[in-house]
Amino acid sequence: YNGSLPNGDRGRRKSRFALYKRPKANGVKPSTVHVACSPQAAKVKTTDVTFVLVFSSFRPFSPSVKNKHGGRLRDWRLVRNLPPSCGTTNYISNKDQHSISYTLSRAQTVVVEYTYDSNTDMFQIGRSTESPIDFVVTDTVAGSQSNSDTQSVQSTISRFACRIMCQRTPPYTARIYAAGFDSSKNIFLGEKAAKWKTCDGQMDGLTTNGVLVMHPRNGFMQDSKPGVWREISVETETQELVDGSLIDLCGATLLWRTAEGLSHTPTLKHLEALRQEINAARPQCPVGFNTLAFPSMRRKDTPDEKQPWVYLQCGHVHGYHNWGNHREEREGREGRLRECPMCRAKGPYVPLWLGCEAGFYVDAAPPTHTFNPCGHVCSEKTAAFWSQIPLPHGTHTFHTACPFCAQQLSGEQGYIRLIFQGPLD
């Protein structure tokens, strides 16, 4: 939403996140693999250890207990360090240990334990506001200006969508994995989730909503071309993030920027200087002859009297006026097109807003072009780059969109060059 969320950035819910080296590593890596062959194998936590609750036909060691669904479990026992001959692998683990459970069928579950990794930092992203999530992400509603718009849509982002593992030493490689550990430090892949065993014997799988990653070819720069979107898995089918990588969470798309990449992009201070430079040139409305001015980057909701407007069919910039406002539009009927008084071209007539999220720019050139149909202004090469990037829309389609507001682009190119009129004096 052009640099900030509709209701502002608050706590772990922000429009941008910065990852720093943690004071203490919290990364994890796969360790022991356990196979539970019982259809109702489940973990029961005690004060210090976790047992596996195995249901069997043996005589119970204590009275019957109720399961979480209210039914009675008449034959049960706590198994601890049973030999392999018992038909199931059972384990003891620390209560703070991470694990991933793969339900292969009603008769078999594979549990992969994770152990502490002192060489990596883990950051988790998702919709949940629980403590394991470092960055809370909400669905992106195209053109939304208020929080009520985003809350009215049923979210398709997973509560624990993905996790990023960053090396704590140079070159600080970052890899992204589907799914995040919940409050119990577990990841569960149900029976219907896609899962498989790799050639080296490791278990892997996909999440329900899926996480897609795309790396632009030639990096994130003015000559970049779109790459191929690929779905990542919870363990082995992962992607190393590079400058300009796009991460789609089935409801929101994130842009990954490296520290080195950001050093070549404009800062907010530079964008403010470009805004002041445009306003200092005193562009005028060809109809009203009043001086136009882009508003402060803090004001990006309601147009003011000096706001520049543009005819998206031709690119001529005006102030707001009723020239070409036909009777159909005044009466609220069909006919939302306006006729440009300069060239008579008919098309949408929208206010212009300077793109305020510096991380979306591929260069520091002056803002001379605008996206169609939203009116967000940026440099020519930035507009050209985003107009060729297909972003996932829902679960079945892709389309190009404005990076500042997520509105689907229209027109032949998706953007247009602005034509300003200078002062007559």
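Residues numbered from 1 in each chain as written. Predicted model: local features only at pLDDT ≥ 70, side-chain atom pairs only at ≥ 80, totals over all residues. Heavy atoms only, no water.

Looking at an unreviewed UniProt entry, the protein carries the name E3 ubiquitin-protein ligase pellino 1, with the source organism given as Goodea atripinnis. For the protein, the Sequence similarities (unreviewed entry) comment in UniProt is given as "Belongs to the pellino family." (UniProt positions renumbered as here; feature names shortened; annotations may be inferred.)

Here the focus is the environment of Leu 262. With respect to the helices, strands and loops of the structure, Leu 262 is situated in helix 2 (residues 259-262). For Leu 262, a relative accessible area of 39% puts it in the partly exposed group. Separated by 97 residues in the primary sequence, Leu 262 and Gly 359 place their C-alpha atoms 6.8 Å from one another. (Helix = DSSP H or I, 4+ residues; strand = E, 2+ residues; numbered from the N terminus. Buried < 20%, exposed > 50% of the residue type's maximum accessible area, 1.4 Å probe, protein only.)

Let's shift gears to the sheet that holds strand 22 (residues 309-311). Here we have three strands laid out as an open sheet, ordered 23-22-26, and antiparallel in their pairing. Taken across any chain shown, the strands that pair with only one partner, and hence form the sheet edges, are strand 23 (317-318) and strand 26 (349-351). Two elements, strand 22 and strand 26, share three bridges in a ladder whose sense is antiparallel. Each bridged residue has a counterpart across the sheet, and for Tyr 311 the counterpart in strand 26 is Tyr 349. (Pairing = 2+ DSSP bridges.)

Examined against the element boundaries, Cys 340 turns out to sit in the loop between strand 24 (338-339) and strand 25 (346-347). The class for Cys 340 is buried, based on a relative accessible area of 0%. Here the alpha-carbon distance between Cys 340 and His 316, two residues 24 residues apart in the chain, equals 7.6 Å. Discounting chain neighbours no more than four positions away, the residues touching Cys 340 are Tyr 311, Cys 314, His 316, His 318 and Ala 345. (Contact = heavy atoms within 4.5 Å.)

Moving on: unusual backbone geometry. Following Pro 170, the chain continues into Pro 171 via a peptide bond in cis, with omega recorded as 5 degrees. One can find Pro 171 in the loop between strand 12 (162-167) and strand 13 (174-178). Following Asn 372, the chain continues to Pro 373 via a peptide bond in cis, the omega torsion being 20 degrees. You can see Pro 373 is positioned in the loop between strand 28 (369-371) and strand 29 (376-378).

This part covers the pairing of strand 9 (residues 108-117). Regular strands place side chains that alternate from one sheet face to the opposite one. Burial runs high along strand 9: seven of the ten residues are buried. Two strands pair when backbone bridges link them, and strand 1 (residues 27-36) and strand 9 are joined in this way by eight bridges, in the antiparallel orientation. Bridge pairing in strand 9 places Val 28 opposite Tyr 116. Pairing geometry for strand 8 (residues 98-105) and strand 9, over seven bridges, is antiparallel. Considered in strand 9, the bridge of Tyr 102 is made with Val 110.

Going through the model one piece at a time under the given rule, you end up with eight salt bridges. Note that Glu 357 and Arg 16 form a salt bridge whose closest N and O atoms lie 2.8 Å from each other. Taken together, the residues Glu 357 in the loop between strand 27 (353-354) and strand 28 and Arg 16 in the segment before strand 1 connect sequence positions 341 residues apart. Relative accessible area serves as the criterion here: at 39%, Arg 16 is assigned to the partly exposed category. Between Glu 235 and Arg 163 there is a salt bridge whose closest N-O contact spans 3.8 Å. Separated by 72 residues along the polypeptide, Glu 235 in the loop between strand 18 (230-231) and strand 19 (239-240) and Arg 163 in strand 12 bring together distant segments of the chain. Across the pair, exposure class does not vary: Glu 235 and Arg 163 are buried alike. (Salt bridge = Lys/Arg side-chain N within 4 Å of Asp/Glu carboxyl O.)

Take the confidence of the model for the protein next. For the protein, per-residue confidence averages 80 on the pLDDT scale, and residues scoring 70 or more make up 76% of the total. Contacts for the low-pLDDT stretch residues 146-150, under 50 throughout, to residues beyond four places or in other chains number nine contacts. (pLDDT = per-residue confidence, 0-100.)

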